[in-house]
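Given next are the chains, with one letter for each unit.
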Amino acid sequence: MDKEQIQNWLDNGYDILHHGRPVKVEGNLWDYIDGLGSYENVYVLRELIYWTEEELANIGK
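Residues numbered from 1 in each chain as written. Predicted model: local features only at pLDDT ≥ 70, side-chain atom pairs only at ≥ 80, totals over all residues. Heavy atoms only, no water.

Trainee: Report on the packing of aromatic side chains, specifying residues and quantitative values.
Mentor: This structure, assessed with the given rule, holds one aromatic pair. Considering the side-chain rings of Tyr43 and Trp51, the 5.9 Å spacing of their centres and the 90 degrees angle between planes classify their relative orientation as edge-to-face. For Tyr43, a relative accessible area of 22% translates into the label partly exposed. (Phe/Tyr/Trp six-rings, centres within 6.5 Å; stacked < 30°, edge-to-face > 60°. Buried < 20%, exposed > 50% of the residue type's maximum accessible area, 1.4 Å probe, protein only.)

See the structure below:
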């Protein structure tokens, strides 16, 4: 995954990455994440855009 892919997801209305899949969230983002029950493998795309390429490469490993 790279910043270009993340920006593409953001441009297409996706909000989070959950278990490697982009998800569009209806309503409050943080309430949705809290409702998942676990924060494992959940990433907010608008935060990932600021990660380094090295950090992004380690997601899912």
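Trainee: A description of unusual backbone geometry should follow, citing residues and the corresponding values.
Mentor: Phi angles above zero are rare outside glycine, and His19 is one such case at about 55 degrees. Looking at where His19 falls in the secondary structure, it is placed in the loop between strand E1 (16-18) and strand E2 (21-23). For Asn41, which is not glycine, the phi torsion reads 60 degrees and is therefore positive. The topology assignment puts Asn41 in the loop between helix H2 (29-35) and strand E3 (42-44). (Helix = DSSP H or I, 4+ residues; strand = E, 2+ residues; numbered from the N terminus.)

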